[in-house]
Amino acid sequence: MTLTEVQKAISEKNICVLVPTYNNEKTLRRVIGGILQYTNNIIIVNDGSTDSTPFILQDYPEIRIIHLPENKGKGNALKTGFRVAEKIGYSYAITIDSDGQHYPDDIPVFVEALLKESQDVLLIGNRNMAQDGIPKKSSFGNRFSNFWFWFETGIKLEDTQSGFRLYPLHKIPRKYFTPKFEFEIEIIVRTAWRHVPVKNVPVKVLYDPAERVSHFRPFKDFTRISILNTILVAITLVYIIPRNFINNFKKKSFKRFIKEDVLESDGSNRTKAFSVALGVLIGFSPFWGFHTLLTISLAVLFKLNKVLAFVASNVSIPPFIPFIIAASLFLGSPFVGGNSNIFSQELNFDLVKNNLLQYLIGSAILSVSMSFISGTAVFLFLNKVDPENT
């Protein structure tokens, strides 16, 4: 796209560029100057900077500047900017960090990608974290984030941590629960849960130790991110996956739903064996009262056969429970020096309560062992019956 075409598209699509900044006096002018080549639709959120940032911003009367009295975190700055942008009437916001790692001349990449879409989309810049010069801790953190984003949404991306993004302002959530760096994870996960596509677009990146000022606190912020992911995973398993499963049922005919979402008759022998293994693993586990929910949720997440997994999980139906308890306590006894003469005692949940650690260890051994045995047996059986469906 030519410069004129980009400028026209930015205007027609009601796009603004949102820049949260905190103590980035070395790179701020360069970033603003680069953006101004494409648009004056700029919102700067000065997140309580204590350096020369306020004086630098005085030189740009043509752009909207929001000064926050104290530093409350990048997430809070972005939320403030989103509210102002939507109030002004913008439909999309391209966010770009002010630390110099992003190149404003990649703005056309986002604009062009948006024009190719037939629906609203959330775009994240893919910085190619495998290239030379990228700190190893940043590459690891990105891979870590990518995995949990996939687990929580089913969407595979190569970069989920880049701050260079395009947000559809009318599709993102209205309320948030995180104020700092973890906000950028919360917003993309919760936007994906609203069935908005989330995609990567290729962008350049510059890591210059002499200029770049990072405010990421490895221990504190990584802990906050880990806590957030724990909560998001729980919500995914307990609510999002069952919700999507029910929504699919409502959208399809009963016959089509049974065939595609339940029976999955075209599944391979390996998939069916893994389905049985998953069901048995959950069925022998100590998650009493949650077996069905966990089995269906994980089967949907990993695209396994839900019916086979559910049937296999019913190894824990009431008539079998005393035998499962006894076997778990017996297998766990050598690891805690417990009583292995389980079968001479009354098998009930009081016995489990009084020997909880012994039971949990034995239950883990039992569930993993039986899952492996049952999955292998089913795979060998199916391969013998239908060897072409491996």
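The paragraphs below set out a description of the structure included in this document. (Residues numbered from 1 in each chain as written. Predicted model: local features only at pLDDT ≥ 70, side-chain atom pairs only at ≥ 80, totals over all residues. Heavy atoms only, no water.)

1. Section: the packing of helix α10 (residues 269–284) against helix α11 (residues 291–301)
- Packing of α10 against α11 leaves a shortest axis separation of 9 Å and a crossing angle of 150°. It follows from the interaxial angle that α10 and α11 lie roughly antiparallel. Considering only the axes of α10 and α11, their crossing is right-handed. On α11, the residues that touch L278, G279, I282 and G283 of α10 are H291, L294, T295, L298 and A299.
- In terms of residue class, the contact of α10 with α11 is built from five nonpolar, four polar and no charged. (Axes fitted to C-alpha atoms, helices over the stretch in contact; angles between N-to-C directions. Helix = DSSP H or I, 4+ residues; strand = E, 2+ residues; numbered from the N terminus. Parallel < 35°, antiparallel > 145°, perpendicular 65-115°, else oblique. Left-handed = near helix turned anticlockwise from the far one by under 90°. Contact = heavy atoms within 4.5 Å. Nonpolar A, V, L, I, M, F, W, Y, C, P; charged D, E, K, R; others polar.)

2. Topic: the pattern of salt bridges
- Taken as a whole and judged by the stated rule, the model has 11 salt bridges.
- A salt bridge links D97 to K74, with the shortest nitrogen-to-oxygen separation between them at 2.8 Å. With D97 in the loop between β4 (92–95) and α5 (107–116) and K74 in helix α4 (residues 74–88), this pair connects stretches of sequence that are 23 residues apart.
- On the basis of relative accessible area, D97 is assigned to the buried category, the value being 10%.
- Judged by its relative accessible area of 17%, K74 falls in the buried class.
- A salt bridge links K204 to D105; the shortest N-O distance between them is 3.0 Å. Highlighted residues: K204 in the loop between β7 (198–202) and α8 (218–251) and D105 in the loop between β4 and α5, separated in sequence by 99 residues.
- The network of salt bridges with shared partners includes K74, D97 and E184. (Salt bridge = Lys/Arg side-chain N within 4 Å of Asp/Glu carboxyl O. Buried < 20%, exposed > 50% of the residue type's maximum accessible area, 1.4 Å probe, protein only.)

3. Focus: the pairing of strand β1 (residues 15–21)
- Within β1, seven of the seven residues are buried, which leaves the element mostly enclosed by the surrounding structure.
- Of the two faces of β1, the one carrying I15, V17, V19 and T21 and the one carrying C16, L18 and P20 are both buried.
- As paired strands, β1 and β4 are joined by four bridges and run parallel to one another. Its bridge partner being in β4, C16 is matched across the sheet by A93.
- Sheet topology places β1 next to strand β2 (residues 42–47); five bridges connect them, and they run parallel. The residue of β2 that forms the bridge with V17 is I42. (Pairing = 2+ DSSP bridges.)

4. Here's the deal with the side chain of R127
- Mapped onto the fold, R127 is located in the loop between β5 (122–126) and α6 (136–153).
- Judged by its relative accessible area of 4%, R127 is buried.
- A polar contact of 3.5 Å, which involves the side chain of R127, links it to the side chain of Q101.
- Polar side-chain contacts of R127 include one of 2.7 Å to the side chain of D159.
- With residues near it in sequence (within four places) discarded, R127 still touches Q101, H102, N142, D159, Q161, S162, V203, V205 and Y207. (Polar contact = N/O pair within 3.5 Å; in protein donor to acceptor, adjacent residues only side chain to side chain.)

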